[in-house]
Amino acid sequence: TVATQEIPTVAGAGLRVPLVTGGDIGYANLDHAASAPCLDKVRAAVDEFLPWYASVHRGAGFASQVSTKLYERTRGILRNFVDARSTDTVVFTRNTTDSFNLLARSLPKHTSVVVFDTEHHAALLPWKGPNVRRIETPRTRLAAVSAVDEALADCPQGPRLVVLTGASNVTGELLPVKEIAAVARRHGARIALDAAQLAPHRKISVRELDVDYVALSGHKLYAPFGAGALIGRADWLRAAQPYLAGGGATKLVSRDSVVWNSGPERHEAGSPNTVGVYALGVACETLAANWDGVVAHEEELLARLRRGLAAIPGFAELRLFDAPVDRVGTLSFVVDGFDPGWLAAVLSAEYGIGVRDGAFCAHVATKRLIAVAGSTGQQAVRVSLGLGSTTEHVDRIVLALRQIVARGARWQYEKPEGRWVP
Ligand code: PMP
């Protein structure tokens with residue numbers, strides 16, 4: 001029998017979290033790669049700020065001054081967070097997807113774009129036109145560097161951009177960004193780094209990696225939803241049409257003409273997400289002060305998880321997607337004979353474990369990884385660790401998989417209204 005516990009914060013949604021043993025075991029969130037829970041420090045800072053938030057740049061009142069100050073200060077925090085150049089601009093966006101769409105709209109005419117076909121859709125899809133090259137991702141890191149080299153050699157004259165993820169949201173693999181950036185430089189190309197998954201796990205240095213743009217999302221960085229950023233070279237952004245037309249992006253408007261701002265506000269029309277931006281800044285500062293601990297915690301848990309999965313007896317059905325040793329705490333797998341959606345539903349309903357199933361907004365990557373792992377299908381299960389993860393969570397999912405696979409996929413679960421229930 002599975003006891004359940006009502007969680008006050010989600011009770012309104014009618015959700016109950018199961019307790020495996022009937023003991024004091026709560027929800028095990030192993031889905032940090034989708035969105036990471038808010039840090040206590042961020043929550044406390046937001047709480048303190050809530051009575052004072054106001055529209056930025058729009059008033060002399062105290063609340064507006066406080067908001068404007070914190071909002072503008074956060075640009076500097078983000079610049080430091082990724083060790084950007086002092087001349088780099090910081091545009092606040094909604095998330096990584098928004099940041100790449102902004103960059104795509106800001107490219108000079110006839111820019112050639114080179115991107116691996118296995119990228120997350122946010123990094124894969126915003127680039128349009130005949131000069132976009134989606135190259136097939138090779139199996140090795142060395143071959144990946146050569147593939148970018150070849151693709152760039154093949155590009156017409158003119159501006160060039162390579163778009164690359166720092167850490168895969170499917171396998172956790174850390175990509176050879178520095179090596180690819182060096183090759184791109186030789187061809188006069190700029191590099192845009194998708195740091196949605198890298199930023200919560202590793203310190204980023206724009207200067208050391210020698211990349212031009214970084215896109216990231218607050219909700220993956222232990223801040224609430226709604227704020228992200230595009231950090232990088234100011235020139236293309238300054239010359240581009242404003243991302244949105246409206247108040248805040250303008251310097252001067254007459255009946256027949258508009259003079260747009262040339263700074264980051266050019267692309268931030270409308271009342272911005274002051275609270276979200278502030279929370280993002282606090283999260284970045286907190287992570288930046290604790291990198292050693294963040295990395296050590298994650299590496300210890302990842303090693304424990306991999307050891308645990310490998311030790312499940314007769315678990316040949318589990319096909320873990322391969323990734324080099326250099327990786328963050330995210331891994332995906334399929335289990336032959338088990339539907340990934342069903343597996344995730346059982347993990348949730350019976351063990352109180354939250355994982356992600358599906359193709360992770362990286363359909364090409366997921367499908368290819370399943371084939372390479374020697375299985376079939378389009379979807380997989382992903383386990384992603386983060387600061388909220390504990391050894392108990394890791395041990396629980398290892399035990400759960402052992403038990404589920406031992407029992408076999410024999411009970412029927414219905415799926416009314418799109419939800420799995422026992
Ligand atoms: N890139 C990667 C690697 C991601 O994992 C994600 C989110 N799953 C994104 C981009 C897009 O992030 P967002 O949904 O916050 O725009």
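Here the structure is a predicted model, which is why all the values come from computation and not from measurement.

## Some points on the sheet that holds strand β14 (residues 330–335)
Inference 1: In spatial order, the strands read β13-β14-β17-β16; together these four strands make up an open sheet with antiparallel pairing. Because the sheet does not close on itself, it has two edges, and the strands there are β13 (318–320) and β16 (356–358). Geometrically, the sheet is characterised by an average inter-axis angle of 30° between neighbouring strands, direction not taken into account.

## Here's the deal with the domain arrangement of the protein
A common way to report how large an interface is uses the accessible area buried once the components associate.
Inference 1: Domain assignment breaks the protein into domain 1 (3–30 + 291–418) and domain 2 (41–288).
Inference 2: Domain 1 and domain 2 are separated by 30 Å when their C-alpha centres are compared.
Inference 3: Contacts between the two partners involve 25 residues from domain 1 and, on the opposite side, 22 residues from domain 2.
Inference 4: Of all the elements in the fold, those that place two or more residues in the side of domain 1 that touches domain 2 are α11 (291–310), β14 and α13 (363–372).
Inference 5: Looking at which element gives the most residues to the side of domain 1 that touches domain 2, the answer is α13, with five residues.
Inference 6: Residues belonging to the side of domain 1 that touches domain 2 are distributed by class as follows: 15 nonpolar, five polar and five charged.

## Considering the site of the ligand
Inference 1: Around the ligand, the surrounding shell holds 13 residues, and the nearest of these are Asn95, Thr97, His120, Asn169 and Ser217.
Inference 2: When contributions to the shell around the ligand are tallied by element, the ones reaching two or more residues are α4 (96–106) and α5 (121–124).
Inference 3: Looking at the shell around the ligand, its residues break down into four nonpolar, eight polar and one charged.

## Quick look at the packing of helix α2 (residues 40–49) against helix α10 (residues 274–288)
Inference 1: Between α2 and α10, the shortest axis-to-axis distance is 9 Å and the interhelical angle comes to 145°. Considering the relative orientation of α2 and α10, their crossing is right-handed. Within the contact between the two elements, α2 uses Lys41, Val42, Ala45, Val46 and Phe49 and α10 uses Val275, Tyr278, Ala279, Val282, Ala283 and Thr286.
Inference 2: Partitioned by chemical class, the residues of the contact of α2 with α10 number nine nonpolar, one polar and one charged.

## What about the confidence of the model for the protein?
Inference 1: Averaged over every residue, the pLDDT of the protein is 89; residues scoring 70 or more account for 90%.
Inference 2: Counting contacts from residues 5–24, a segment whose pLDDT is below 50, to residues more than four positions away or on other chains yields 28 contacts.
Inference 3: Segment residues 414–422: pLDDT under 50, and ten contacts once partners within four positions in sequence are set aside and those in other chains are kept.
Inference 4: Across the interfaces of the predicted complex, the ipTM metric reaches 0.99, alongside a pTM of 0.92.

Conventions adopted
- Residues numbered from 1 in each chain as written.
- Predicted model: local features only at pLDDT ≥ 70, side-chain atom pairs only at ≥ 80, totals over all residues.
- Pairing = 2+ DSSP bridges.
- Helix = DSSP H or I, 4+ residues; strand = E, 2+ residues; numbered from the N terminus.
- Axes fitted to C-alpha atoms, helices over the stretch in contact; angles between N-to-C directions.
- Domains from an automatic or database assignment.
- Contact = placed C-beta atoms within 7 Å.
- Nonpolar A, V, L, I, M, F, W, Y, C, P; charged D, E, K, R; others polar.
- Near = placed C-beta within 6 Å.
- Left-handed = near helix turned anticlockwise from the far one by under 90°.
- pLDDT = per-residue confidence, 0-100.

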